[in-house]
Amino acid sequence: MKELDIFKNLLCPPGDGVFTVETGKEKKSFVQNSLYGSNDIQSSWEKSLEQIQDGTKHLLLGVPSDNGGGIVRGANWGPLFIRESLIKSKISSYFDIGDIRVVPHLLHDSYLNQETISKIRKALFREDLKLPVSALSICEMVIETLLNSNKKILSLGGDHSVSAGLLPPFIKKNPDLGILHFDAHTDLLEERLGIDKCFATWAANILPHLKSPQHLAQVGIRRSGKEKAYWEEKYKISQYWAEETRINGPEKIADQIISQFNSQGVTKIYISFDIDAIDSEYASATGTPEEGGLRPHEASLIIDRVASQFETIGADLVEVAPFINHYGSKTKSSPEPETTLDVASLIASKLLEAFD
Ligand SMILES: [Mn+2]
């Protein structure tokens, strides 16, 4: 199948990946009109996909799936709201290729039987095509196809399970890949209720695919049932907890990560950024906001400093859930979700800069 046909079937115009009519309508029109003017959206978007091959800009991909989310959902709205913020902040150093088509009951095709897959294919595709149907499986195929053209891709989630779909093709193509993972949580459960590709298990699921566990560095951790020594001993990974950043400063943490990756011969990195790595004072519109986290400028500094030493080939920004309103949080002085979205567009712009 031609690459363009893969994209036309597995993707949809930016904002259309959440299957809704009324909710989010105004924001969707704003984003789509900013990108395509008043033309027919579907055909303008399809036409724009031809630029993927020739264009020099980095790619932006929306993954509006919270199908692998946990306690409080709503990260499916992250891509649309972050796009609006990027456009309003006049950040335009990317080419928006659209959203993954998300059926909101499906996580990964390996969890489905053939009969179910055939039924969904009939609903999704114009003809009888043997294409994936679940959000994470679609991510795998789309990223694999995009990497054929050596594109650098920033994906906007979605809950953190989307990394379980985005990362495998990056690792397959770059077996030496280092992963810089920002998060309040370790995401290192082997399974949760028997599911091994969800928001709490994706990192443990990815580890065996890395050249060594030292190809993973986790930053901003502070909410865990176990201590740092437990995780580092169990998986032989390195963690840099939020408290260490406060004590030692972000420069020192970045330098430690740089020497960790250098000692492993890492040359290329992927950055996975859960917005809850940031302190809840600055980013509470997320499923599990946590106090005592990184400040936005500290996270930016770590990204800048580490990315200056390695080639950043891909990134994701996940768990921004704009409709969440955490009652009783201490952040009432700052309006949400605007505060979180400001931080999200800052981080997104840093991740795009890291590609240069
Ligand atoms: Mn988290």
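Scroll up to find the structure.
Residues numbered from 1 in each chain as written. Predicted model: local features only at pLDDT ≥ 70, side-chain atom pairs only at ≥ 80, totals over all residues. Heavy atoms only, no water.

A.B. asks: Which residues make up the coordination of the manganese ion, and what values do they have?
C.D. replies: Within the protein, the atoms that donate to the manganese ion are Asp-183 (OD), His-185 (ND1), Asp-274 (OD), Asp-276 (OD) and Asp-276 (OD), at distances of 2.2 to 2.7 Å. Between consecutive donors of the manganese ion, the numbers of intervening residues give the motif D-x1-H-x88-D-x1-D. Placement of His-185 in the loop between strand 5 (178-182) and helix 9 (202-206) and of Asp-276 in the loop between strand 8 (268-274) and helix 13 (296-307) is noted, with a sequence separation of 91 residues between them. (Donors = N, O, S within 2.8 Å, 3.2 Å for Na, K, Ca; no water. Helix = DSSP H or I, 4+ residues; strand = E, 2+ residues; numbered from the N terminus.)

A.B. asks: Residues and numbers for unusual backbone geometry, please.
C.D. replies: Geometrically, the link from Gly-157 to Gly-158 is a cis peptide bond, its omega value of 20° lying close to zero. Looking at where Gly-158 falls in the secondary structure, it is placed in the loop between strand 4 (153-157) and helix 8 (162-173). In this model, Glu-336 is joined to Pro-337 through a cis peptide bond whose omega is 10°. Position of Pro-337 relative to the elements: it lies in the loop between strand 9 (311-318) and helix 14 (338-354). Phi at Lys-90 is positive, roughly 60°, even though this residue is not glycine.

A.B. asks: Explain the sheet that holds strand 9 to me, and be specific about the residues and the numbers.
C.D. replies: Ordered in space as 1-3-2-4-9-8-5-6-7, the nine strands form an open sheet in which the pairing is mixed. Looking at the sheet topology across the chains shown, the edges are occupied by strand 1 (11-12) and strand 7 (238-240). In terms of strand pairing, strand 5 meets strand 6 (residues 216-219) through four bridges, oriented parallel. Note on strand 6: the bridge partner recorded for His-181 is Gln-218. (Pairing = 2+ DSSP bridges.)

A.B. asks: Give me the nonpolar core: which residues, what numbers.
C.D. replies: By size, the foremost hydrophobic cluster in this structure holds 57 residues, and its most contacted members are Leu-61, Ile-97, Ile-100 and Val-142. Here Ile-100 is in contact with Leu-10, Leu-11, Cys-12, Gly-17, Leu-61, Gly-62, Val-63, Pro-64, Ala-135, Ile-138, Cys-139 and Val-142, once residues within four sequence places are set aside. Grouped together as the second largest cluster of nonpolar side chains are 49 residues, Phe-182, Phe-261, Ile-269 and Leu-317 included. (Core = buried A, V, L, I, M, F, W, Y, C linked by side-chain atoms within 4.5 Å. Buried < 20%, exposed > 50% of the residue type's maximum accessible area, 1.4 Å probe, protein only. Contact = heavy atoms within 4.5 Å.)

A.B. asks: Account for the pairing of strand 3 (residues 94-100), naming residues and giving values.
C.D. replies: With seven of seven residues buried, strand 3 lies mostly within the body of the structure. Of the pairings in the sheet, the one linking strand 1 to strand 3 comprises two bridges and is antiparallel in character. Within the sheet, the bridge partner assigned to Leu-11 lies in strand 3 and is Ile-100.

A.B. asks: Could you give an account of the environment of Lys-28, with specific residues and numbers?
C.D. replies: Inspection of the secondary structure assignment puts Lys-28 in helix 2 (residues 25-36). In this structure the C-alpha to C-alpha distance between Lys-28 and Val-63, which are 35 residues apart in sequence, comes to 15 Å. Apart from residues no more than four positions distant in its own chain, Lys-28 is found in contact with Pro-14, Gly-15, Asp-16, Thr-20 and Leu-80.

A.B. asks: Help me get a handle on the packing of helix 2 against helix 5 (residues 78-88), residues and values and all.
C.D. replies: Helices that pack against each other are described as a pair by the angle of their axes relative to one another and the distance between those axes. Closest axis-to-axis distance for the helix 2/helix 5 pair is 10 Å, and the angle between their directions is 50°. Judged by the angle between their axes, helix 2 and helix 5 are oblique. The two elements helix 2 and helix 5 meet at a crossing, and its hand is left-handed. For the pair helix 2 and helix 5, the contacting residues are Lys-27, Lys-28, Phe-30, Val-31 and Ser-34 in the first and Leu-80, Phe-81, Arg-83, Glu-84, Ile-87 and Lys-88 in the second. Its residues assigned to classes, the contact of helix 2 with helix 5 comprises five nonpolar, one polar and five charged. (Axes fitted to C-alpha atoms, helices over the stretch in contact; angles between N-to-C directions. Parallel < 35°, antiparallel > 145°, perpendicular 65-115°, else oblique. Left-handed = near helix turned anticlockwise from the far one by under 90°. Nonpolar A, V, L, I, M, F, W, Y, C, P; charged D, E, K, R; others polar.)

A.B. asks: Go over the pairing of strand 4 with me, naming the residues and quoting the values.
C.D. replies: Of all five residues in strand 4, five are buried; the element is thus mostly enclosed. A two-sided burial pattern is seen for strand 4, the buried positions comprising Ile-153, Ser-155 and Gly-157 on one face and Leu-154 and Leu-156 on the other. Sheet topology places strand 2 (residues 58-63) next to strand 4; five bridges connect them, and they run parallel. In the strand pairing of strand 4, Val-63 is matched with Gly-157. Pairing of strand 4 with strand 9, which is carried by four bridges, proceeds in the parallel orientation. Within strand 9, the residue paired with Leu-156 across the bridge is Leu-317.

A.B. asks: Tell me what's going on with the packing of aromatic side chains, and back it up with residues and numbers.
C.D. replies: Throughout the structure, instances matching the rule amount to seven aromatic pairs. Ring centres 5.7 Å apart and planes at 80° place the aromatic pair Phe-261 and Phe-310 in the edge-to-face group. One end of the pair, Phe-261, is in helix 12 (residues 250-263); the other, Phe-310, is in the loop between helix 13 and strand 9, with 49 residues separating them in the sequence. The exposure class assigned to Phe-261 is buried, which follows from its relative accessible area of 0%. Phe-310 sits in the buried class, given a relative accessible area of 6%. Here the aromatic cluster, defined as three or more aromatic residues joined through ring pairs, consists of Trp-77, Phe-81 and Phe-323. Its end group placed over the ring of Tyr-230, Lys-226 keeps NZ or CZ at 5.0 Å from the ring centre. (Phe/Tyr/Trp six-rings, centres within 6.5 Å; stacked < 30°, edge-to-face > 60°. Lys NZ or Arg CZ within 6 Å of the ring centre and 35° of its normal.)

A.B. asks: Talk me through the pattern of salt bridges; I want residue IDs and the actual numbers.
C.D. replies: Under the counting rule described, the total for this entry stands at 22 salt bridges. Between Lys-25 and Glu-22 there is a salt bridge, with the nearest N and O atoms lying 3.8 Å from each other. For Glu-22, a relative accessible area of 54% translates into the label exposed. Its salt-bridge partner being Lys-211, residue Asp-176 comes within 3.0 Å of it at the nearest N-O pair. Separated by 35 residues along the polypeptide, Asp-176 in the loop between helix 8 and strand 5 and Lys-211 in the loop between helix 9 and strand 6 bring together distant segments of the chain. (Salt bridge = Lys/Arg side-chain N within 4 Å of Asp/Glu carboxyl O.)

A.B. asks: Kindly report on the side chain of Lys-152, identifying the contributing residues and their values.
C.D. replies: In this structure, Lys-152 sits in the loop between helix 7 (135-147) and strand 4. Of note is the side chain of Lys-152, whose polar atom sits 3.3 Å from the side chain of Glu-311. Those residues in contact with Lys-152 that lie beyond four places of it in its chain are His-58, Leu-59, Glu-311, Thr-312, Ile-313 and Phe-355. (Polar contact = N/O pair within 3.5 Å; in protein donor to acceptor, adjacent residues only side chain to side chain.)

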